[in-house]
Amino acid sequence: MANELQDLPLWMTEKPVINKTKEFIQFKGQIKQCIYPNMLASYAEEILNKIESSKIHKVVYGFDMEWPVTYNRKSNKTALIQICIDHSTCYLFHVYHIIKLPSIFVYLINHPRVRWSGVCIKNDFLKLGRDFTVDVSGALSNIIDLGTYTNKVLDFDSSTIWSMANLVQQLLKKDVNKDGNIRISSWDNTTLDQNQCMYAATDAFISLILYERLKKFDKEDELQIN
């Protein structure tokens, strides 16, 4: 890190309470999961209605994706798209077996009033565009990369690279449950178990709450949290 400890906010230099067990962040709201194109379109419309009815000019949603891990150079197709719209609702869109994304979902992804928050999610959107041959230019222009945002707001060197786990430890004084068995599990299976659903929803939720934390220290950000 470029800055000395004395230049950091007090909340980042305080020593965390030592617990015998780690305190993992976990999403505690409603998880809405869908596996069929018609339901995917219906949930996309549900989110769009929330956007259109919002008095806030731009909303911020947590975003993440999952796909089956491969041990060769070939990247498997996107299996799951996670969108967390607030602290109470997270959507899991299972798209692995869908050939063509519904146009209303593509419209949601590129909506000019939505900003997508996450860690290195530019690559996720690029992959989504390749996997389904869809335009993601609108999404790419509205990304909040949390690593870059952290460096800007807290005045770190721009070359500092952050993982989600590092950000959660530094900003929230908690941990992320990155269970390897879940992380590399069969995301192409439409019947996700409870642990997979919680893991996926929590990642998108963390992408949202990290932004909310950082925004408090960004004097230039005029966005309001919905």
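Being a predicted model, the structure only gives us computed values, none of them experimental.

Reading the values: the criteria
Residues numbered from 1 in each chain as written. Predicted model: local features only at pLDDT ≥ 70, side-chain atom pairs only at ≥ 80, totals over all residues. Heavy atoms only, no water. Axes fitted to C-alpha atoms, helices over the stretch in contact; angles between N-to-C directions. Helix = DSSP H or I, 4+ residues; strand = E, 2+ residues; numbered from the N terminus. Parallel < 35°, antiparallel > 145°, perpendicular 65-115°, else oblique. Left-handed = near helix turned anticlockwise from the far one by under 90°. Contact = heavy atoms within 4.5 Å. Nonpolar A, V, L, I, M, F, W, Y, C, P; charged D, E, K, R; others polar. Phe/Tyr/Trp six-rings, centres within 6.5 Å; stacked < 30°, edge-to-face > 60°. Buried < 20%, exposed > 50% of the residue type's maximum accessible area, 1.4 Å probe, protein only. Lys NZ or Arg CZ within 6 Å of the ring centre and 35° of its normal. 1 Å grid on protein atoms, 1.4 Å probe; cavity = no way out; pocket = protein on both sides within 12 Å on 5 of 7 lines; lining within 4 Å. Points joined across faces, edges and corners; volume = space filled by probe spheres on them. Pairing = 2+ DSSP bridges. Salt bridge = Lys/Arg side-chain N within 4 Å of Asp/Glu carboxyl O. pLDDT = per-residue confidence, 0-100.

### Let's talk about the packing of helix α7 (residues 164-172) against helix α9 (residues 194-215)
Here comes step 1: Interhelical geometry of α7 versus α9 gives an angle of 45 degrees and a closest axis separation of 11 Å. With respect to α9, the axis of α7 lies oblique. The hand of the α7/α9 crossing is left-handed. Of the residues in α9, those touching α7 at M164, L167, V168, L171 and L172 are D203, I206, S207, I209, L210, R213 and L214.
Here comes step 2: Class assignment for the residues of the contact of α7 with α9 results in 9 nonpolar, 1 polar and 2 charged.

### Considering the packing of aromatic side chains
Here comes step 1: Scanning the entire structure with this criterion turns up 11 aromatic pairs.
Here comes step 2: Their ring planes at 5 degrees and their centres at 5.9 Å tell us that Y91 and F93 sit as a pair that is stacked. Exposure class is identical for Y91 and F93. Each is buried.
Here comes step 3: When the centroid spacing of 5.3 Å and the interplanar angle of 80 degrees are considered together, the rings of F156 and W162 count as edge-to-face. For the residue pair F156 and W162, the accessibility class agrees, reading buried in each case.
Here comes step 4: Members of the aromatic cluster, joined through ring pairs, are Y43, Y91, F93 and F105.
Here comes step 5: Cation over ring: K127 sits above W67, and NZ or CZ is 4.9 Å from the ring centre.

### Re the environment of L140
Here comes step 1: Within the secondary structure, L140 sits in helix α5 (residues 137-140).
Here comes step 2: For L140, a relative accessible area of 30% translates into the label partly exposed.
Here comes step 3: Along the sequence, L140 and W116 sit 24 residues apart, while their C-alpha atoms lie 8.7 Å from each other.
Here comes step 4: Apart from residues no more than four positions distant in its own chain, L140 is found in contact with K122, F125 and L126.

### A few points about the layout of surface pockets
Here comes step 1: Put simply, the largest pocket is a space of about 450 Å³.
Here comes step 2: If you go around the largest pocket, you meet 19 residues; those closest to its centre are D64, M65, E66, K178 and R183.
Here comes step 3: Listing elements by their share of the lining of the largest pocket, those giving two or more residues are β2 (59-66), α4 (121-132) and α9.
Here comes step 4: With 4 residues, the top contributor of residues to the lining of the largest pocket is β2.
Here comes step 5: Along the lines of polarity and charge, the residues of the lining of the largest pocket split into 10 nonpolar, 3 polar and 6 charged.

### Considering the pairing of β2
Here comes step 1: Within β2, 8 of the 8 residues are buried, which leaves the element mostly enclosed by the surrounding structure.
Here comes step 2: Pairing analysis gives 5 bridges linking β2 to strand β3 (residues 80-84), with the strands arranged antiparallel. Each residue of the ladder has a partner; that of M65, found in β3, is I81.

### Re the pattern of salt bridges
Side-chain pairing between opposite charges can occur once the charged atoms of the two side chains come close.
Here comes step 1: This structure, assessed with the given rule, holds 3 salt bridges.
Here comes step 2: In this structure, K32 and E46 form a salt bridge, with 2.6 Å as the shortest nitrogen-oxygen distance. Here K32 is found in strand β1 (residues 30-34), whereas its partner E46 is found in helix α2 (residues 37-53), with 14 residues between them in sequence.
Here comes step 3: Classification of K32 as buried rests on a relative accessible area of 16%.
Here comes step 4: Between K127 and D131 there is a salt bridge, and its shortest N-O distance comes to 3.2 Å. Here the residue K127 and the residue D131 both occupy positions in helix α4, the gap between them amounting to 4 residues, near one helical turn.

### Things to note about the confidence of the model for the protein chain
Here comes step 1: Here the protein chain averages 87 in pLDDT, while 87% of its residues score no lower than 70.
Here comes step 2: Across residues 1-7, confidence stays below pLDDT 50; counting only partners more than four residues off in sequence or on other chains, it has 10 contacts.
Here comes step 3: Taken together, the stretch residues 9-21 has pLDDT below 50 and engages in 15 contacts with residues farther than four places along the chain or on a different chain.

### Here's the deal with the packing of helix α6 (residues 146-153) against α9
Here comes step 1: Close contact between α6 and α9 brings their axes to 10 Å; oriented N to C, the two are set at 15 degrees. Our classification of the angle between α6 and α9 gives roughly parallel. The element α6 and its partner α9 pack so that their crossing is left-handed. Residues L146, Y149, T150 and V153 of α6 form the contact with α9, whose participating residues are S207, L210, Y211, L214 and K215.
Here comes step 2: Split into classes, the residues belonging to the contact of α6 with α9 amount to 6 nonpolar, 2 polar and 1 charged.

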